[in-house]
Amino acid sequence: MVSLFENYEQQYSALTADITAQIGHLSASASKDRRQLISNIEKHVEEAQELLEQMDLEVREVEPSKKQRCRTKLECYRAELKRLTLEYIKARTVKQESLYDSAEDIDVRISFDQKQKLLDNSETLERAGRRLNDGYRVVVETEEIGNQVLKNLAEQRETIQRSRNRLRDTDQELSTSSRILNSMLMRAMHQKVILYLVAACFLMFICFGLYLSFKS
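Scoring rules and cut-offs
Residues numbered from 1 in each chain as written. Predicted model: local features only at pLDDT ≥ 70, side-chain atom pairs only at ≥ 80, totals over all residues. Heavy atoms only, no water. Helix = DSSP H or I, 4+ residues; strand = E, 2+ residues; numbered from the N terminus. Buried < 20%, exposed > 50% of the residue type's maximum accessible area, 1.4 Å probe, protein only. Contact = heavy atoms within 4.5 Å. Areas by Shrake-Rupley, 256 points an atom, 1.4 Å probe, with all protein chains shown as cover. Core = buried A, V, L, I, M, F, W, Y, C linked by side-chain atoms within 4.5 Å. 1 Å grid on protein atoms, 1.4 Å probe; cavity = no way out; pocket = protein on both sides within 12 Å on 5 of 7 lines; lining within 4 Å. Points joined across faces, edges and corners; volume = space filled by probe spheres on them. Nonpolar A, V, L, I, M, F, W, Y, C, P; charged D, E, K, R; others polar. Salt bridge = Lys/Arg side-chain N within 4 Å of Asp/Glu carboxyl O.

Asks: When you look at the overall build of the protein in this model, what are you seeing that I'm missing?
Replies: The number of helices and strands found in the protein is 5 helices and 0 strands. In the protein, the order of α-helices and β-strands from amino to carboxyl end is α-α-α-α-α. Buried residues in the protein amount to 20% of all 216 residues. The long-range fraction of contacts in the protein, counting pairs at least 24 apart against all pairs at least 6 apart in sequence, stands at 70%. Summed over all atoms, the accessible surface of the protein reaches about 16,100 Å², with 57% contributed by carbon and sulfur.

Structure below.
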């Protein structure tokens with residue numbers, strides 16, 4: 001069953017794919033098509049931001065074992081959306097500079113320093129995105145190692161439990177054997193006492209017979 005977080009992920013992926021495609025169209029579009037593309041891109045960016053907010057809320061309800069993974073994904077998505085936003089600004093700016101003679105574009109033209117700053121920020125965000133991806137990979141690997149360790153511990157626990165059960169059975173068998181040996185020893189002692197009594201009576205009988213024969 002697909003979770004709500006995964007459903008948001010699918011919607012976000014579709015939106016960012018659409019934003020990426022429209023940014024490509026914006027770089028090559030004529031002035032008459034730009035307004036509609038700009039409006040669509042900005043609308044989709046807002047929708048993507050709303051999805052990220054919904055995903056942020058949903059992460060809080062995710063079970064603890066998956067929470068860290070979802071948080072790492074969310075940070076990657078945020079970095080990706082910032083990168084797309086900067087690409088959109090860059091695409092719009094480049095096209096505006098090529099249409100500098102158009103009066104309606106003069107007011108939105110940004111300076112070279114501002115553009116350079118945006119490009120630097122874009123590179124910083126890309127590096128941050130790569131670090132987040134590396135961190136996510138480390139988290140996944142750590143989780144896999146943790147699961148393997150837990151599996152090994154569970155197997156060791158089962159082995160120890162079986163050993164304890166065998167020891168308990170062995171102890172019971174030893175106790176039973178001890179009782180049987182004690183019973184056999186007691187029986188042997190009883191038989192030995194009886195044998196001694198019989199032997200003593202027999203000797204007394206012989207002695208008494210000898211005494212009578214001497215007396216007569």
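After that view of the structure, there is still more to cover.
Asks: Any chance you could explain the side chain of His44 here in plain terms?
Replies: Residue position: His44 is located in helix α2 (residues 31-59). Taking relative accessible area as the criterion, His44 reaches 14% and is therefore assigned buried.

Asks: What is the right way to read the nonpolar core from this model?
Replies: Nonpolar side chains in soluble globular proteins tend to end up buried together. With 24 residues, the main nonpolar core has Tyr12, Leu26, Ile41, Leu52 and Met55 as its most contacted residues. For this core, the secondary-structure elements that each account for two or more residues are α1 (4-28), α2 and α3 (64-98). For this core, the leading source of residues is α2, giving 9 residues. Dropping the residues within four chain positions of it, Tyr12 is found in contact with Ala48, Leu51, Leu52, Tyr77, Glu80 and Leu81.

Asks: Explain the layout of surface pockets here, please?
Replies: Over the atoms, a rolled probe matching the size of one water molecule traces out where space is still vacant. A volume near 250 Å³ is recorded for the largest pocket. Lining the largest pocket are Ser3, Phe5, Glu6, Glu9, Glu58, Glu61, Val62, Glu63, Lys66, Arg69, Cys70 and Lys73. When residues in the lining of the largest pocket are grouped by element, the largest group, 4 residues, is from α3. Each residue belonging to the lining of the largest pocket can be placed in one class, and the counts come to 3 nonpolar, 1 polar and 8 charged.

Asks: When you look at the pattern of salt bridges in this model, what are you seeing that I'm missing?
Replies: In a structure, side chains of opposite charge can pair up when their charged atoms sit close to one another. Applying the stated rule across the entire model yields 6 salt bridges. We note a salt bridge from Arg92 to Glu42, for which the minimum N-O separation is 3.4 Å. Remark: Glu42 occurs in helix α2 and Arg92 occurs in helix α3; sequence separation between them is 50 residues. What makes Arg92 partly exposed here is its relative accessible area of 23%. Ionic pairing is found between Arg78 and Glu75, a salt bridge with its closest N-O pair at 3.0 Å. Of this pair, Arg78 and Glu75 are both found in helix α3, 3 residues apart, which corresponds to roughly one turn of the helix. Residue class for Glu75 comes out partly exposed when judged on its relative accessible area of 35%. Via salt bridges that share partners, Asp56, Arg60, Glu75 and Arg78 belong to a single interconnected network.

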